[in-house]
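Listed below are the residues making up each chain.
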Amino acid sequence: PDETISLNLTNPAPAALLDNPSAVLRIADDERAGTLDFGFLSRVPPLPLMGAANGPMFVIQPDDKIVSSMSFFTPWDGATALINKTVPIRLNSDGSLDHTFQPPNESTEILAVRTDGKLFALVDRELVRLNSNGSRDFTFSRANQTDGSVTAAYPQPDGKVLITGYLPNPRFAEVSALVRLNRDGTLDDTFRFPRSAVNQFNRVPTSPAGEIYLIGDFVFVRGHFRPRLARLLSDGNLDAAFDAGLS
């Protein structure tokens, strides 16, 4: 907010004609919450021809750097035709381009950031983990990758990660799935949640205490009436004590 300060001038210069030595000074706040930070915008580099943004518009790392996945139109194999390629860029906290961030050359969509700065991403539709500088973290196993599609990743406080997506199914075109991976990327067999042809999860946030919330387009969870909002125990079972009372 603006600040107002009352001033009382003493010992004015002889040439000053002051009928009233008092004055009011108003200091305008040019950085009000919600106003544009033009200093940041002035440092954002010009970007080439873009298509639609993929995945989250941006993720903010613990050091306040910003990673954004954007779809750029780029030449294909030296031809004049353009293809849509998803390329992540990282901006420093002041808006300037971070040249130390070197992601894979393949089409890469950033999904989420961990508290240590590492990133979960889809590289050519394959789930990988990137180091904070954009390079691949090869300690994250890809042995459990399936033919399904990953839609989102939700890092948990203990280093594990929840993954939502869709898997092929003989009876349906595809079914929604919620799985948990260990720190090394292997499947966490202690977490079991049934696949469903009707449930759609829009968000799966985790509280600091490790509580898992399901938000999305569903009515029943494990046979219990829990429309649009439910909470899971750490093993994937429904927390029956939590009922938001939605209808």
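Residues numbered from 1 in each chain as written. Predicted model: local features only at pLDDT ≥ 70, side-chain atom pairs only at ≥ 80, totals over all residues. Heavy atoms only, no water.

**Q** Looking at this model, I keep getting lost on the overall build of the chain. Mind explaining?
**A** Secondary structure summary: the chain contains 1 helix and 17 strands in total. Sequence separation of at least 24 residues holds for 32% of the intrachain contacts in the chain that already meet a minimum separation of 6. Carbon and sulfur atoms make up 54% of the accessible area of the chain, which amounts to about 15,100 Å² in all. (Helix = DSSP H or I, 4+ residues; strand = E, 2+ residues; numbered from the N terminus. Contact = heavy atoms within 4.5 Å. Areas by Shrake-Rupley, 256 points an atom, 1.4 Å probe, with all protein chains shown as cover.)

**Q** Looking at this structure, I do not really get the sheet that holds strand β10 (residues 149-155). What am I missing?
**A** Backbone-to-backbone hydrogen bonds pair the strands of a sheet. The strands run either parallel or antiparallel. With respect to topology, 3 strands assemble into an open sheet ordered β10-β11-β12, the strand pairing being antiparallel. Two strands bound the open sheet, and with one partner strand each, they are β10 and β12 (175-181). Within this sheet the neighbouring strands show an average axis-to-axis angle of 20°, counted without direction. Where β10 lies against strand β11 (residues 161-167), 6 bridges are found, and the strand directions are antiparallel. Counterpart to Y154 in the pairing with β11 is L162. (Pairing = 2+ DSSP bridges. Axes fitted to C-alpha atoms, helices over the stretch in contact; angles between N-to-C directions.)

**Q** What is the right way to look at the pairing of β12 in this model?
**A** A regular strand carries its side chains on alternate faces of the sheet. Across the 7 residues of β12, 6 count as buried, placing the element largely inside the fold. Taken together, the 7 bridges between β11 and β12 define a ladder with antiparallel strand orientation. What sits directly across from G165, in β12, is A177. (Buried < 20%, exposed > 50% of the residue type's maximum accessible area, 1.4 Å probe, protein only.)

**Q** I keep staring at unusual backbone geometry and nothing clicks. Help me out?
**A** Trans is the common state for peptide bonds, and a negative phi is the common state for residues other than glycine. At D64, a position not held by glycine, the phi torsion is positive, near 75°. Within the fold, D64 resides in the loop between β4 (59-60) and β5 (66-75). Phi at D124 is positive, roughly 50°, even though this residue is not glycine. Counting through the fold element by element, D124 comes out in the loop between β8 (119-123) and β9 (126-130).

**Q** Looking at this structure, how should I read the pattern of salt bridges?
**A** Opposite charge on two side chains lets them pair, provided their charged atoms get close. Following the criterion strictly, the structure yields 11 salt bridges and no others. Here D137 makes a salt bridge to R129, at a shortest N to O gap of 2.8 Å. Here R129 falls in the buried class, since its relative accessible area comes to 5%. For R231, the salt bridge is made with D239, and the minimal N-O distance between the two is 2.9 Å. Accessibility expressed as a relative area gives 15% for R231, which makes it buried. Among the residues examined, D239 registers a relative accessible area of 12% and is labelled buried. (Salt bridge = Lys/Arg side-chain N within 4 Å of Asp/Glu carboxyl O.)

**Q** Before we go on, may I ask you to explain the sheet that holds strand β14 (residues 212-217) in this structure?
**A** With respect to topology, 3 strands assemble into an open sheet ordered β13-β14-β17, the strand pairing being antiparallel. Among the strands making up the open sheet, the edge pair consists of β13 (200-203) and β17 (229-232). Averaged over all adjacent pairs, the angle separating strand axes in this sheet is 45°, with direction ignored. Pairing geometry for β14 and β17, over 4 bridges, is antiparallel. Bridged to Y213 within β17 is R231.

**Q** Any chance you could explain the nonpolar core here in plain terms?
**A** When a protein is soluble and globular, its nonpolar side chains tend to lie buried together. Counting 15 residues, the largest nonpolar core has L178, F193, V204, L214, V221 and L232 as the members making the most contacts within it. Secondary structure elements with two or more residues in this core: β10, β14 and β17. Setting aside anything within four residues of it in sequence, one finds L178 in contact with L162, I163, T164, F191, F193, F201, V204, L214 and L232. Core analysis: the next-biggest nonpolar cluster, separate from the first, contains 10 residues, F120, L127, I163 and L181 among them. (Core = buried A, V, L, I, M, F, W, Y, C linked by side-chain atoms within 4.5 Å.)

**Q** So what exactly am I meant to see when it comes to a nonpolar patch on the surface here?
**A** On the surface, V219, F220 and F225 cluster together into a nonpolar patch covering about 280 Å² of accessible area. Topologically, V219 is positioned in the loop between β14 and β15 (220-221). (Patch = residues over 30% accessible without salt bridge, like charges linked within 9 Å, V, L, I, M, F, W, Y side chains within 5 Å.)

**Q** Help me understand the packing of aromatic side chains, please; the structure alone is not making it clear to me.
**A** Where two aromatic rings form a pair, the distance of their centres and the angle of their planes describe that pair. Applying the stated criterion across every chain, the model contains 5 aromatic pairs. Aromatic pair F193 and F201: ring centres 5.9 Å apart, planes at 65°, arrangement edge-to-face. The burial state of F193 is the same as that of F201; both residues are buried. Judged by centre distance (5.5 Å) and plane angle (80°), the ring pair of Y213 and F242 falls under edge-to-face. Separated by 29 residues along the polypeptide, Y213 in strand β14 and F242 in the segment after β17 bring together distant segments of the chain. The pair formed by Y213 and F242 is uniform in burial state, with each residue classed as buried. One aromatic cluster in this structure is built from F193, F201 and F218. (Phe/Tyr/Trp six-rings, centres within 6.5 Å; stacked < 30°, edge-to-face > 60°.)

Take it as geometry only, folks, not as evidence of what the structure does.
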